[in-house]
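# Analysis of the macromolecular model
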Amino acid sequence: MSLVNSSNGKTRKTYTLPELQEAAKMMRGMNLVALTAAGSGHSGGTMSIMDITAALYLHIANLDPEKPDWDGRDRVIWSTGHKAPSLYLGLGMAGYYDVEEVVLLRRLWSKYQGHPHWLKLPGVEASTGSLGQGMSIGVGLALAAKLDKKGHSIFTIHGDGEVQEGQIWEAAMEAGHFKLDNLISIVDINRLQIDGWVKDVMDVEPLKDKFLAFGWHVIEIDGHDMAQVVKALEQGKANTGKPTAILAKTIKGKGISFMEDQAGWHGKSPSKDQMVQGLTELGLIGKIDYDKLLKKANDYQAAVDVKLEAKQPKFSRDYWWNKLDVMKVKMDPTRMGFGRALKKLGADERMVCLGMDISGSITISQFYEDHPERKPRWISVGIAEQSGTCVAAGLAREGKLPVFGNYGVFSSGRNLDQIRTTVAYGEFNVLIAGAHGGVSVGPDGATHQALEDIFNMCGIPGMHISVPCDSVETEKATAHLLFNIVGPKYIRFAREATPIITTEATPFKYGEANVIRLRGEKPNFIDAFETVLASQYKNEKEHLSIIACGPMVPEAMRAAWILKSDFGLETRVINVHTIKPLDVEALVRAIVETGVIVTAEEHQVGGMGNLVAAAVLQDARVHCKCVKFGMVGVKDRFGESGAPWELIKEFELSAEHIVKKAKELVG
């Protein structure tokens, strides 16, 4: 059985080997169209796994598309959540929904998130995206089946780069120990990860010997030979006494000449011309109506735009970035400042940078890219945040200045115990980069959007935390943390390009906030404001204060512009680039002198806001005063796929929403 009618036990449809091969080819073509429509995503791995996807969903796994939660179904866990389009296409081809719907991949409010979410899409068994966790889920599912004496199988899907995560081997040990013969784990060995060849980043071979050592039955196959794929999956289901590992040798970007064996296509989507070339190479021109599908995606986006615009508070003008002929801004991702700092400062022989596979994306690789003499001080640990954190501690113990980073959600969360116990408790001098902070990470979705990292880091004794406002300030903060702060330290920055609002001449003093005041509309946004250190600021009797960190500082400044232009309200904007230690004096003065505070953060509401509230309310100068206090942030929800600026609007983080909150308080 595979696709069955669970009500009567009859098979809904069977596929021959040639039909499975044709289905895999069609899925590759649809994948190209969906990724092109999305404008982002993971091409390489979705193409390498597609033959296995077709065999699994159309021929091997017992599934009922009309009853996705049928108790007798086989379970499939995509531990490599970034290969979500393959999963969606497998479900679509199996009949769970119209497969053309997958063209809505990564769009706001779409069921087809950048990484799969089981609560959004029937047929998805678990929400995944943080690598290394799917086999453990599979062990839990397999144990439950054994306890309940049920006969279904559990499949888990992994990448060879992913097995660098230590949790994989904890799960492998458990599966072997408990003799979970209902568990079949498939490793897509396409030999490439983001930072290059797996063997060069962190060699995982010999995988066969490793699984054998943990008591697994191992099958090695060509992952593009459909006969071998089907036979291996059938053997895995029939095997008794031990779990099965299917090691499938594949080609990243399979079927597309310019993608095959190219690491650069790991997290990249094709242009329309590249899509057409790919469809031509697959022999699918005329078989897939890509113009219709792209129109479907564009029509969906048009409807999203209308709904988003309706959510935005309206004012006398459209004050959105660069919409008017005045107050123009230049933009640059804050992460670029981090890379520039490492590039400039990397000559110091004490510095050692640790790569965790997304090195180019977070810009940490700029440390060595133009300086080959620094390569010995570049240590790639692969996809292994927990171990890498302790490696950094060991380096610091010997007098080095280690720097490591990842997406903030991973570098502050997956390894939180290692940061707390090994790094911070030991007071080791380690700089941790939390990249891609906030929802503006965009279409990767909730699993990759750091919205809790300030909570995580602020609770650790002795931790120093900086959230700079733009790329220029990020460069300054990185330099200061590296050479002037001794101990554990965390710097948070964003992925998307955001307004540049500071210059080299703008004051920056770690631990002291900046006060920013609007001085009148100018051709350039940056020239319309004056920035001074909070300790040097003289009270101008403003109507309110907006306290912000990171890229929310430009939003706070834009809010000050709207409040002045439309309502005649004067606003004191405070850039809290140092979250820990806070500049309590600047915050207390703001509440005492203006009486109204709005905090603004691209984080779960309260990450910074709670700290500000606690600081000011404990000060005697605030006692017995009428205080109006509001917070703008993410409202106790997880992120979502969508374009970066769409998400700023959807999560009500824009200047317009700051103004709305301010007006509620001021009256």
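Look a little higher up for the structure.
Residues numbered from 1 in each chain as written. Predicted model: local features only at pLDDT ≥ 70, side-chain atom pairs only at ≥ 80, totals over all residues. Heavy atoms only, no water.

Moving on, we come to the side chain of Asp181. With respect to the element layout, Asp181 can be found in the loop between α6 (166-177) and β5 (183-189). Residue Asp181 is classed as buried on the basis of its relative accessible area, which comes to 16%. Of the polar contacts made by the side chain of Asp181, one reaches the side chain of Lys146; its length is 2.5 Å. Residues contacting Asp181, with those up to four places away along its chain left out, are Lys146, Gly236, Asn239, Thr240, Gly241, Lys242 and Pro243. (Helix = DSSP H or I, 4+ residues; strand = E, 2+ residues; numbered from the N terminus. Buried < 20%, exposed > 50% of the residue type's maximum accessible area, 1.4 Å probe, protein only. Polar contact = N/O pair within 3.5 Å; in protein donor to acceptor, adjacent residues only side chain to side chain. Contact = heavy atoms within 4.5 Å.)

The end-to-end C-alpha distance of helix α20 (residues 552-567) is 21 Å, a good match for the 22 Å that 16 residues give at a rise of 1.5 Å each. Counted residue by residue, α20 has 12 buried out of 16 residues, so it is predominantly covered. Along α20, the residues classified as buried are Met552, Val553, Pro554, Glu555, Ala556, Met557, Arg558, Ala559, Ala560, Trp561, Ile562 and Leu563. Positioned one or two residues after α20, Gly568 has a phi angle of 70°, which is positive. (Expected span 1.5 Å × (residues − 1).)

In space, the six strands of this open sheet follow the order β19-β18-β21-β20-β23-β24, with mixed pairing throughout. Here the strands that pair on one side only, and so sit at the sheet edges, are β19 (529-533) and β24 (628-634). The sheet shows a mean angle of 20° between the axes of neighbouring strands, taken without regard to direction. In this structure, strand β18 (residues 514-518) lies alongside strand β21 (residues 571-575), joined through three bridges in antiparallel fashion. Paired with Asn514 across the strands is Asn575, a residue of β21. Those strands touched by helix α22 (residues 609-617) are β20 (544-548), β23 (596-604) and β24, and its axis lies near 160° from that of β24. (Pairing = 2+ DSSP bridges. Axes fitted to C-alpha atoms, helices over the stretch in contact; angles between N-to-C directions.)

So, about the sheet that holds strand β22 (residues 578-580). Strand pairing in a sheet relies on backbone hydrogen bonds, with the paired strands running either antiparallel or parallel. Strand order in this open sheet of seven strands is β12-β11-β13-β14-β16-β15-β22, and the pairing throughout is mixed. Because the sheet does not close on itself, it has two edges, and the strands there are β12 (378-380) and β22. Looking at each pair of strands side by side, their axes are set apart by 20° on average, direction ignored. Strand direction decides the pairing type here: strand β11 (residues 351-355) and strand β13 (residues 401-407), joined by four bridges, are parallel. Paired with Met351 across the bridge in β13 is Leu401. Against the sheet, helix α12 (residues 334-345) touches β11, β13, β14 (431-435) and β16 (489-492), its axis set at about 140° to β11. Those strands touched by helix α15 (residues 385-397) are β11, β12 and β13, and its axis lies near 165° from that of β13.

Moving on, we get to the packing of helix α1 (residues 17-38) against helix α3 (residues 50-60). Contact geometry of α1 with α3 gives a least axis separation of 9 Å together with a crossing angle of 120°. Taken as axis vectors, α1 and α3 run oblique relative to one another. The chirality of how α1 crosses α3 is right-handed. Every residue of α3 that contacts α1 at Leu20, Ala23, Ala24, Met27, Arg28 and Asn31 is listed here: Met50, Asp51, Thr53, Ala54, Ala55, Leu58 and His59. (Parallel < 35°, antiparallel > 145°, perpendicular 65-115°, else oblique. Left-handed = near helix turned anticlockwise from the far one by under 90°.)

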